[in-house]
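Given next are the chains, with one letter for each unit.
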Amino acid sequence: METSSAPGKVYLFGEHAVVYGEPAVPCAIQRRATVSVEERADERIRVEADDLSLDGFTVTYGEDPDEADVDVPGALVEAATGYVDGAVEQAREAGGAPDAGFNVEISSEIPLGAGLGSSAAVVVAGIDAATRELGVELSAEELAERAYRVEHDVQEGQASRADTFCSAVGGAVRVEGDDCRRVRDVPELPFVVGYDGGAGDTGELVAGVRARRDRYGFAADTVSAIGDLVRQGTRALRDEDIAQVGELMDFNHGLLSALGVSSRSLEAMVWAARDAGATGAKLTGAGGGGCIVALDETTSTRHALEYTPGCEAAFRAELDPEGVRRV
Ligand code: PMV
């Protein structure tokens, strides 16, 4: 049996605009998904997930999904098995073992579908563990590429390379179209995450921004302004100017809000963080619900978020310099 873990991520800057070729800076955080994989004697796949959400589940299936033996119903299983299936397909291909079957065990510290890259972390860790189980070692870049293909298929073409690349290589990364690279020598980033317990519909939110951008020139300008902000933010990051990084996070949140992807609970958490003295605060990921990210090296923001109506959980999630790793 082989076990790998991979980190989730927050967007320091640039979500949504990245869809239109602008740069974005996602950062890996010290919250991980862990996947164990053991080859089976048959071609079937058995997936066991402990704490992917409040309810764990187990599902065993072969070629015909209708024959699946499932212990909980629903969309959660369907979504999770889509990603696991994709990861298994990639591992079979990379390992030259098209008929390999696996027992897969997943646990995760990353809330599902909340803008923290839970699916990318599961896919990256899954491909790594499964290929190693087949005796093949892939580089972080190859893993990122294969994981991207899975996300791209499962999300029907709506995926950028940001989540999967960031999860595979760790640290702060800069993504612009197909060009993905690590941002070196970044300062410590004391992230605090607030989570409203919900999730936005990424496809719908991306479509909403696209519609506004097509309809209004000033919405298209807003998307370009986010690109300018990310270029400035990358410089601030390299100069270790945390005050400016924070200011630009605030600015980025305002522009995302103008594009229609914030929500009442995200606004409440962003303002609670600012009032508590955070250096900057913004929603992270697709928006519509889910998570905000703030910068605060003290405990004030976390405590303030814990008492904010609409915030279900608040936690520190420091920058993780390490990507996928063997456990
Ligand atoms: O919510 P997440 O972590 O899936 O992030 C979505 C980020 C978008 O820019 C809105 C879409 C994308 O694929 O880049």
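Before any of the text, the structure's been laid out above.
Here is what the cut-offs are and how they apply
Residues numbered from 1 in each chain as written. Predicted model: local features only at pLDDT ≥ 70, side-chain atom pairs only at ≥ 80, totals over all residues. Heavy atoms only, no water. Near = heavy atom within 4 Å. Polar contact = N/O pair within 3.5 Å; in protein donor to acceptor, adjacent residues only side chain to side chain. Areas by Shrake-Rupley, 256 points an atom, 1.4 Å probe, with all protein chains shown as cover. 1 Å grid on protein atoms, 1.4 Å probe; cavity = no way out; pocket = protein on both sides within 12 Å on 5 of 7 lines; lining within 4 Å. Sits in = over half its atoms within 2 Å of the grid points. Nonpolar A, V, L, I, M, F, W, Y, C, P; charged D, E, K, R; others polar. Domains from an automatic or database assignment. Phe/Tyr/Trp six-rings, centres within 6.5 Å; stacked < 30°, edge-to-face > 60°. Buried < 20%, exposed > 50% of the residue type's maximum accessible area, 1.4 Å probe, protein only. Lys NZ or Arg CZ within 6 Å of the ring centre and 35° of its normal. Patch = residues over 30% accessible without salt bridge, like charges linked within 9 Å, V, L, I, M, F, W, Y side chains within 5 Å. Salt bridge = Lys/Arg side-chain N within 4 Å of Asp/Glu carboxyl O. Lys, Arg positive; Asp, Glu negative; His and termini not counted. Charge placed at Lys NZ, Arg CZ, Asp CG, Glu CD. Helix = DSSP H or I, 4+ residues; strand = E, 2+ residues; numbered from the N terminus. Points joined across faces, edges and corners; volume = space filled by probe spheres on them.

Caption draft 1: The site of the ligand, seen in detail. Around the ligand sit 14 residues in total, of which K9, H16, Q158, S160 and A286 are the nearest. Side-chain polar atom of K9 to an oxygen atom of the ligand: 2.8 Å apart, as the coordinates give it. At a separation of 2.9 Å, an oxygen atom of the ligand approaches a polar backbone atom of A286. Computed on the free molecule, the ligand has an accessible area of 380 Å², of which 89% lies beneath the protein chains in the complex. At a threshold of 2 Å from the grid points, most atoms of the ligand map onto the largest pocket. Looking at the shell around the ligand, its residues break down into six nonpolar, five polar and three charged. Split by domain, the shell around the ligand shows at least three residues from each of two domains, domain 1 (2-184) and domain 2 (191-316).

Caption draft 2: Layout of the packing of aromatic side chains. One pass over the full model with this rule turns up one aromatic pair. Measuring from centroid to centroid gives 4.8 Å for Y216 and F218, while their planes differ by 15°, and the two rings are stacked. For Y216, a relative accessible area of 32% translates into the label partly exposed. The exposed category is assigned to F218, whose relative accessible area is 58%. Its end group placed over the ring of F315, R31 keeps NZ or CZ at 3.8 Å from the ring centre. The positively charged end of R161 is found above the aromatic ring belonging to Y148, 4.0 Å away from the centroid.

Caption draft 3: Region of the structure containing a negative patch on the surface. Taken together, the side chains of D185, D239, E240, D241 and E247 make up a negatively charged region of the molecular surface. With respect to the helices, strands and loops of the structure, D239 is situated in the loop between α6 (217-238) and α7 (242-258).

Caption draft 4: Looking closely at the layout of surface pockets. The space that makes up the largest pocket amounts to roughly 1,200 Å³. In terms of lining residues, the largest pocket is bounded by 48 residues, among which Y83, S119, E151, Q155 and T202 are the most central. With six residues, helix α1 (residues 75-95) is the single largest residue contributor to the lining of the largest pocket. In this structure, the lining of the largest pocket is formed jointly by two domains, domain 1 (2-184) and domain 2 (191-316), each of which donates at least three residues.

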